[in-house]
Amino acid sequence: MQVPGYSARVPGRGAATGSQTSLREANAARILRTVAQFGGITQVELAGATGLSPATVSTIVKQLLAAGSVETRTTTRSGRRASLVTLARRTGLAVGLQVGLRSLRVVVADVGYDVLAETVLPLPHEHRADTTLDRAALLAGELLEEMGASLEEVVGVGLALPAPVDPRTDRIAARGVLRGWEDVEVADVLQRRLDKPVAVDNDANLGALGELRFGAARGLRDVVYVRASYGVGAGIVLGGVLHRGHGGTAGEIGHTLVDPTGPICQCGSRGCLNTVVGADALIGTLRVSHGPLALRDLIRFADDGDPGCRQVLADAGATIGAVVSGVAMTANPEMVVLGGELAATGDLLAVGVRDALARRVMLASEDPVPVVVGELGVRAEVLGAVAHALDQQGVMAP
Ligand SMILES: [Zn+2]
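Residues numbered from 1 in each chain as written. Predicted model: local features only at pLDDT ≥ 70, side-chain atom pairs only at ≥ 80, totals over all residues. Heavy atoms only, no water.

Draft legend 1. Representation of the pairing of strand β4 (residues 93–99). When you tally the buried positions in β4, you get seven out of seven residues, the bulk of the element. Both faces of β4 are covered, namely the face carrying Leu93, Val95, Leu97 and Val99 and the face carrying Ala94, Gly96 and Gln98. Where β4 and strand β5 (residues 103–110) come together, seven bridges link them in antiparallel fashion. Across the sheet, residue glycine 96 finds its bridge partner in β5, namely valine 107. (Buried < 20%, exposed > 50% of the residue type's maximum accessible area, 1.4 Å probe, protein only. Helix = DSSP H or I, 4+ residues; strand = E, 2+ residues; numbered from the N terminus. Pairing = 2+ DSSP bridges.)

Below you can see the structure in the form of structure tokens.
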């Protein structure tokens with residue numbers, strides 16, 4: 001199986017070493033990233049977007065063409081003939097969509113799970129199902145058009161939602177956690193917009209599937225994936241299969257009790273984990289010292305070494321870790337994988353979770369459970385959505 005990304009497409013990898021080779025590989029990877037970002041782009045535009053000289057772009061595109069990593073065809077730009085570069089694709093495409101609380105991520109991949117195009121759009125606070133699904137459909141269409149492909153080529157669409165999804169009905173399985181989306185037949189609505197089969201699931205579940213197929217948990221059978229973002233959720237893989245539970249709420253660790261006297265959560269219960277480590281709670285603890293922050297500011301400041309922001313994330317890691325150790329006792333995984341925006345802060349969150357697991361004697365003694373940061377970063381969910389879509393259409397992974 002191929003790991004999605006660009007490095008596998010770069011010719012010359014593993015061959016001769018040396019600074020010339022690594023420079024060429026870095027430039028080739030840069031060109032591939034840029035082509036994926038634009039879907040399709042002319043060589044002149046590539047030179048402009050990468051800052052590389054037209055001659056270098058031309059040489060690298062020739063090498064990538066020979067290696068089967070890109071395709072070129074003639075197009076017109078401002079009335080002149082130009083060579084349009086797109087990523088090479090196997091027959092059949094899949095669209096992966098991730099609806100977050102504040103953003104929408106869309107990728108187009110081929111059936112070999114190579115990401116060919118990708119885009120992210122910010123979403124307004126408390127966005128609603130109808131407008132967001134409209135945007136998702138439009139954006140998917142635009143991405144396909146930019147890469148010179150059409151919806152006809154799409155085998156299936158996968159959609160990740162920031163709420164538990166009942167696998168029996170494809171509806172959101174809990175009230176209060178994603179307002180404006182309840183009672184919407186999400187898969188049906190998107191299916192009608194795109195005229196393609198849509199497979200929907202919870203984001204943490206699909207993140208788990210992504211890391212299991214392509215990331216840190218490749219080849220493992222029992223895995224707990226923890227997604228720490230605006231809220232916390234987990235995807236639990238047992239015996240190589242994603243465990244969704246009877247009504248689709250398995251792994252909703254953001255709604256387990258951590259503070260019996262705490263505030264009421266969106267779900268209606270008191271003192272859920274999300275009321276302590278959800279974005280609002282984390283930002284709230286910094287309001288006096290730092291003023292109003294967005295979650296991305298908190299993450300950026302922590303990365304830059306701000307002690308207050310680092311402490312907030314370390315404490316969050318400890319609180320999340322206490323809950324995850326309970327899940328680890330219950331599921332006995334081979335690995336705990338951390339994902340979501342908060343996991344992107346180096347090892348800050350991971351240290352807290354690791355320490356919490358190390359304090360549970362049974363987890364720490366014989367065969368300690370490794371706690372690792374996922375390999376796919378913020379792409380885990382959307383790649384899991386692609387895998388879910390292709391699974392439902394019976395497309396076997398290469
Ligand atoms: Zn709750």
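Draft legend 2. Here's a closer look at the pattern of salt bridges. Per the stated rule, a full pass over the model turns up 16 salt bridges. Among the ionic pairs, arginine 193 bridges to aspartate 134, the shortest N-O distance being 2.3 Å. Of this pair, arginine 193 sits in helix α5 (residues 186–194) while aspartate 134 sits in helix α4 (residues 129–146), and the two are 59 residues apart along the sequence. The class for arginine 193 is partly exposed, based on a relative accessible area of 37%. The shortest N-O distance in the salt bridge between arginine 168 and aspartate 166 comes to 2.8 Å. Accessibility expressed as a relative area gives 54% for arginine 168, which makes it exposed. Residues joined by salt bridges that share partners form a network here, namely Arg171, Arg175, Glu182, Asp183 and Glu185. (Salt bridge = Lys/Arg side-chain N within 4 Å of Asp/Glu carboxyl O.)

Draft legend 3. A look at unusual backbone geometry. Non-glycine residue glutamate 126 carries a positive phi angle of around 55°. Of note, glutamate 126 is situated in the loop between β6 (115–122) and α4. Backbone geometry places aspartate 183, a non-glycine residue, at a positive phi of 65°. By secondary structure assignment, the location of aspartate 183 is in the loop between β7 (154–161) and α5.

Draft legend 4. Region of the structure containing the coordination of the zinc ion. Every protein donor of the zinc ion is accounted for by His255 (ND1), Cys265 (SG), Cys267 (SG) and Cys272 (SG), and the metal-donor separations fall at 2.0 to 2.3 Å. Here the zinc ion binds four donor atoms, and the angle range of 103 to 126° at the metal identifies the geometry as tetrahedral. We note that the donor set of the zinc ion lies within a single chain, spaced as H-x9-C-x1-C-x4-C. A relative accessible area of 9% means that cysteine 265 is categorised as buried. (Donors = N, O, S within 2.8 Å, 3.2 Å for Na, K, Ca; no water. Tetrahedral: all angles 85-135°; square planar, octahedral: opposite > 155°, others 65-115°.)

Draft legend 5. The sheet that holds strand β10 (residues 232–238), seen in detail. The strand order across the open sheet formed by five strands is β11-β10-β9-β12-β13, and the pairing between neighbours is mixed. Among the strands making up the open sheet, the edge pair consists of β11 (241–242) and β13 (371–373). Bridging between strand β9 (residues 223–228) and strand β12 (residues 335–339) involves five bridges; their strand directions are parallel. Within β12, the residue paired with valine 226 across the bridge is leucine 338. Along the sheet face, helix α12 (residues 348–358) touches β9, β12 and β13 and points at about 170° away from the line of β13. (Contact = heavy atoms within 4.5 Å. Axes fitted to C-alpha atoms, helices over the stretch in contact; angles between N-to-C directions.)

Treat this as a map of the structure, not an account of what it does.
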